[in-house]
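# Chain and residue survey
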Amino acid sequence: RRQHAFRSIHREVQDSLTIVNRTPTDADLGVDSLTLYLLLQVDLLMLEYRIVVGLAMLAYTSYYDVKSREVDDKPWILFSLLGGALTLYDILLQGDDWFTPLLSIGVTVPLAFAIYYAGLYGGADAKALVALSLILPVYTPPAYLHVSAPLIVFTNSILLVMVLPLYFFFRNFFAAMRGKDIFAGFEAEPRWKKTVALFVGCRLKNVKQGAFYFSLEKTADGKRRFDFTFSKAGDEFVQANDVWATY
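Description of the structure in this document. All residue numbers refer to position in the chain's written sequence, counted from 1. Predicted model: local features are reported for residues with pLDDT of at least 70 only, side-chain atom pairs are reported and counted for 80 or more only, and whole-chain, interface and lining totals are derived from all residues. As a convention, hydrogens and water are excluded, and side-chain values are obtained from all of the structure's heavy atoms.

## Overview of the overall build of the protein
Of the regular secondary structure elements, the protein holds nine helices and five strands. For each residue, the accessible area found with a 1.4 Å probe, counting protein chains only, is set against the maximum for its type, and the residue is called buried under 20%, exposed over 50%, and partly exposed in between. Here the protein holds 247 residues, and 34% of them are scored as buried. Two residues form a contact once any of their heavy atoms are found within 4.5 Å. Put simply, 66% of the contacts in the protein that link residues at least 6 apart link residues at least 24 apart. Computed with the Shrake-Rupley method and a 1.4 Å probe, the accessible areas treat only the protein chains shown as cover for residues. Element-wise, carbon and sulfur atoms account for 64% of the exposed surface of the protein, whose accessible area totals about 15400 Å². A run of DSSP states H or I qualifies as a helix once it reaches four residues; a run of E qualifies as a strand once it reaches two. Both are numbered from the N-terminal end.

Quick look at the structure:
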């Protein structure tokens, strides 16, 4: 992509600016080089615009996700159309490489919905990945394993979510240290289930509507049992006075 060429040209331009303290001209770079330089400036401007659009979408939808755990389809459609238009502009009018962005979109869209139908996250997460793949399908940082921007966001999100087990463990640990019997009523449960529970949730009191917790337990044969069902995305939020729950 042209950004790599820009770095080399940019160094030449900076040397020229240092010496003469002025902007580059045809005499400095030659007509072809100057044209390429200007095209690269447009590329960088478009990249910044895409990033701003993506951040605006995520900020808007995140607010409503935190507020009500529901996001209307309209912003996803609007931002997806805008992102698709930007990608088409780059491919058709700018003459950019078409294979890499289409490959990124083609991998991200089915992956996003496959994970959703597997019950590993909600519909808003899948729509966010699809919209991101259209807004910014390709990004080339200084160091990278791949250039698919939505998959970079996805893998980074997974890394951030991995902090949650540590949070739950230390919350349960300090609760036990304060003398709370966090496994009261679960005496019949095996030790391995109690160990898993320490890392995937915590015991809560007075969980009311709007708290957005999922239950980690069920009642079987009159006894409380842990329920580590893999899919929680479609479940109802729990309301209870005393319950093991997770986010």
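## Some remarks on unusual backbone geometry
A positive phi is found at D221, a non-glycine position, where the angle reads about 55°. The topology assignment puts D221 in the loop between β3 (217-220) and β4 (223-226). With relative accessibility at 78%, the residue D221 sits in the exposed group.

## Examining the packing of helix α5 (residues 99-117) against helix α6 (residues 123-135)
Helix axes are fitted only over the stretch in contact, all axes being lines through C-alpha atoms; the angle between N-to-C directions runs from 0 to 180 degrees. Packing of α5 against α6 leaves a shortest axis separation of 8 Å and a crossing angle of 175°. One finds that α5 runs roughly antiparallel with respect to α6. Contacts from I105, T108, V109, A112, F113 and Y116 of α5 reach α6 at G123, A126, L129, V130, S133 and L134. Under the scheme applied, nonpolar residues are Ala, Val, Leu, Ile, Met, Phe, Trp, Tyr, Cys and Pro; charged residues are Asp, Glu, Lys and Arg; polar residues are all the others, including Gly. Residue composition of the contact of α5 with α6, by class: nine nonpolar, three polar and no charged. Between 65 and 115 degrees an angle is taken as roughly perpendicular, under 35 as roughly parallel, over 145 as roughly antiparallel, and anywhere else as oblique.

## Focus on α6
If you check α6, its first and last C-alpha atoms are 18 Å apart, about what 13 residues at 1.5 Å a residue would give, namely 18 Å. Turning to α6, its buried residues are A126, A128, L129, V130, A131, L132, S133 and I135. Multiplying one less than the number of residues by 1.5 Å gives the expected span of a helix.

## Side note on a nonpolar patch on the surface
The grouping of W98, F99, L102, L103 and V107 at the surface amounts to a nonpolar patch, some 500 Å² of accessible area in total. Tracing the backbone through its elements, the reader meets V107 in helix α5. According to the relative accessible area criterion, V107 is partly exposed, its value standing at 39%. A patch consists of residues whose relative accessible area exceeds 30% and which take part in no salt bridge; residues with like charges are grouped when within 9 Å of each other, and nonpolar side chains (Val, Leu, Ile, Met, Phe, Trp, Tyr) when within 5 Å. Note on definitions: salt bridges are taken to be side-chain nitrogens of Lys or Arg within 4 Å of carboxyl oxygens of Asp or Glu.

Geometry only, nothing functional implied.
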